[in-house]
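Next come the chains, spelled out residue by residue.
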Amino acid sequence: PPRLMKGEQHEEQGLGPDPAAPPQPKEEEEALIEFHRSYRDLFQFFCSNTTIHGAIRLVCSQHNRMKTAFWAVLWLCAFGMMYWQFGQLFGEYFSYPVSLNINLNSDKLVFPAVTICTLNPYRYTQIKEELEELDRITEQTLYDLYKYNSSSTLGTHPRGRRDLREPWPHPLQRLWAPAPPPGARGVRSAASSVRDNNPQVNRKDWKVGFQLCNRNKSDCFYQTYSSGVDAVREWYRFHYINILSRLRDTSPSSEEDMLDNFIFACRFNQASCNQANYSHFHDPIYGNCYTFNGKNNSNLWMSSMPGIKNGLSLTLRTEQNDFIPLLSTVTGARVMVHGQDEPAFMDDGGFNLRPGVETSISMRKEALDRLGGDYGDCTKNGSEVPVENLYVTKYTQQVCIHSCFQDSMIKECGCAYIFYPLPKNAEFCDYRKHNSWGYCYYKLQDAFSSDRLGCFTKCRKPCRTGSSRCYPDRTIILSTTKEMGSPNSTSSSRS
């Protein structure tokens, strides 16, 4: 090639210019991608570039330790407050809080169902002889224990021991029960299989009860009571259950269920009641029961105005003709207010009316809606509750509890309790067929009361409930009359 002079440039002919070299990163860009040599450098870089207020003070004031410590404490406190507020917010969110709204409405409401019972359990014709025999044994037992002649009360004729039939099982006995030392009550003796189910009372040195044993007699206990009255009533009730279980049909005769024998007058909103406004059933303890404005009523009563004249007014006649005094010790009527699609649990929610008085009862309806899911443990219709509903009604917690006890009774004792509905392929308890059912029942009742059966845990509350609360206002004494040789009294009830 020709020789170049000073100041001249040599250009070669080629395919194109040389590729440009990649640009070198600037100093600031180098700092963003380089790795820090220590955590101290990383912390200084974070404090110098973050937008958190006060963080830069931790770096720029590092020559003054007091100022650095002050800003460090302030910065940590601010962070702590922030995370505490986060915790409060998340905790409140996941607790699923609810707002309670109370609304008072004065619209028309469906009048609740009202069930009234005679408090007079009567004697069935089919078991009349057995009940008379039970009365005679009870009379003799009272005389042996207390030297008390109850023939005028029970309506039986005095008999001697020889006149009675064969002895009944589970006789009532007086037991010697000395007061135990403190701390030893309720402790079962290791040398005896007999124990006491009830707390000791130091007022007496003896108790009254009856013995119950399991099927092979290997374990027994005494169902005892400190009160002789309670012991006799429970013993009589136990034998009455066995006699009643032999009845195939517990419906009363046509003469017994006549409404006119019990209710003299019935008015609702100043209009007279008729036969279509009530339904009838029989309770073994409370006698004939009548439900007004129940689910079988074609036209439900509506209520829009308060006051006595705008409610239900009843005039009742209470009788004690051929009654069973050891089952029902009161005279009058048993009343319960409930919903149309709920059973009448007279033991749980009923109250008594005295004869010879006028009673005014005010009512208030309350509706409660519970939130299910994450907010609470409730059920809409009881379909997910592991207990079969034995009542032909909607689900309630009380219905579930009674059904749960009946199910446990059948599984553990092999028979059903007569005061609860009878399931399929089951029979009521009778010691002629199930000689140890009493032992099993009282054991099961003790486990039920302490929730060892799990019924109160299984039976969840319904998500929507409605209840009617009753408030007796006043009573006015009325006259009492006697007719047909039997004591009768007139009682008036207004709601």
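Remember, predicted model here, so these are calculated numbers, not experimental data.

## Observations concerning the overall build of the chain
Line of reasoning, step 1. Scanning the chain for helices and strands turns up 11 helices and 19 strands.
Line of reasoning, step 2. Within the span of the chain, comprising 495 residues, buried residues form 37% of the whole.
Line of reasoning, step 3. For the chain, long-range pairs separated by at least 24 residues make up 70% of all intrachain contacts whose partners lie at least 6 apart in sequence.
Line of reasoning, step 4. Here the chain has roughly 32000 Å² of accessible surface; of this, 52% comes from carbon and sulfur atoms.

## Description of the pairing of strand E2 (residues 113-117)
Line of reasoning, step 1. Of all the five residues making up E2, five are buried; the element is thus mostly covered by neighbouring parts of the structure.
Line of reasoning, step 2. Every second residue of E2 is oriented toward a common face, with Ala 113, Thr 115 and Cys 117 on one face and Val 114 and Ile 116 on the other, all of them buried.
Line of reasoning, step 3. Where E2 and strand E9 (residues 287-292) come together, four bridges link them in antiparallel fashion. Its bridge partner lying in E9, Val 114 is registered against Phe 292.

## What to know about the state of the cysteines
Line of reasoning, step 1. If you walk through the whole model with that rule in mind, you get eight disulfides.
Line of reasoning, step 2. The side chain of Cys 400 participates in a disulfide bridge whose partner is Cys 459; the two sulfur atoms lie 2.1 Å from each other. One quick way to see it: the torsion about the S-S bond of Cys 400 and Cys 459 is about -75 degrees, and its sign makes the bridge left-handed. Of this pair, Cys 400 sits in helix H9 (residues 397-413) while Cys 459 is found in the loop between helix H11 (455-458) and strand E16 (461-462), placing the two residues 59 residues apart along the sequence.
Line of reasoning, step 3. The class of Cys 459 is buried, set by a relative accessible area of 2%.
Line of reasoning, step 4. Residue pairing for Cys 404: its cysteine sulfur links by disulfide to Cys 455, the two sulfurs lying 2.1 Å apart. One quick way to see it: the torsion about the S-S bond of Cys 404 and Cys 455 is about -80 degrees, and its sign makes the bridge left-handed.

## Section: the UniProt feature "transmembrane region" (unreviewed entry) in the chain
Line of reasoning, step 1. Under the UniProt annotation, "transmembrane region" (unreviewed entry) lies at residues 68-86.
Line of reasoning, step 2. Summarising residues 68-86: 100% helix, 0% strand, and an end-to-end C-alpha distance of 27 Å.

## Side note on the nonpolar core
One recurring pattern in soluble globular proteins: nonpolar side chains tend to sit buried together.
Line of reasoning, step 1. Ranked by size, the top nonpolar core spans 61 residues in total, and within it Leu 172, Phe 405, Met 409 and Trp 437 carry the most contacts.
Line of reasoning, step 2. The set of elements that each furnish at least two residues to this core consists of helix H5 (128-146), strand E4 (206-213), strand E5 (220-225), helix H7 (228-244), H9 and helix H10 (437-449).
Line of reasoning, step 3. With near-sequence residues (within four places) excluded, Leu 172 lies in contact with Thr 141, Leu 145, Val 208, Gly 209, Phe 210, Ala 231, Val 232 and Trp 235.
Line of reasoning, step 4. By size, the runner-up hydrophobic cluster in this structure holds 20 residues, among which are Val 114, Phe 268, Leu 314 and Ile 361.

## Regarding the sheet that holds strand E13 (residues 351-353)
In a beta sheet, neighbouring strands are held together by backbone hydrogen bonds and run either parallel or antiparallel to one another.
Line of reasoning, step 1. Ordered by their spatial adjacency, five strands build an open sheet running E8-E9-E2-E12-E13, and the pairing between neighbours is antiparallel. If you trace the sheet from one side to the other, it starts and ends with strand E8 (278-283) and E13, each paired once. For this sheet the average axis-to-axis angle between neighbouring strands, irrespective of direction, equals 25 degrees.

## What to know about the confidence of the model for the chain
Line of reasoning, step 1. Per-residue confidence for the chain averages 76 on the pLDDT scale, and 73% of its residues sit at or above 70.
Line of reasoning, step 2. Across residues 155-162, confidence stays below pLDDT 50; counting only partners more than four residues off in sequence or on other chains, it has 15 contacts.
Line of reasoning, step 3. Counting interchain partners and residues more than four positions distant, the pLDDT-below-50 stretch residues 474-490 has 45 contacts.

Parameters at a glance
Residues numbered from 1 in each chain as written. Predicted model: local features only at pLDDT ≥ 70, side-chain atom pairs only at ≥ 80, totals over all residues. Heavy atoms only, no water. Helix = DSSP H or I, 4+ residues; strand = E, 2+ residues; numbered from the N terminus. Buried < 20%, exposed > 50% of the residue type's maximum accessible area, 1.4 Å probe, protein only. Contact = heavy atoms within 4.5 Å. Areas by Shrake-Rupley, 256 points an atom, 1.4 Å probe, with all protein chains shown as cover. Pairing = 2+ DSSP bridges. Disulfide = S-S within 2.5 Å. UniProt positions renumbered as here; feature names shortened; annotations may be inferred. Core = buried A, V, L, I, M, F, W, Y, C linked by side-chain atoms within 4.5 Å. Axes fitted to C-alpha atoms, helices over the stretch in contact; angles between N-to-C directions. pLDDT = per-residue confidence, 0-100.

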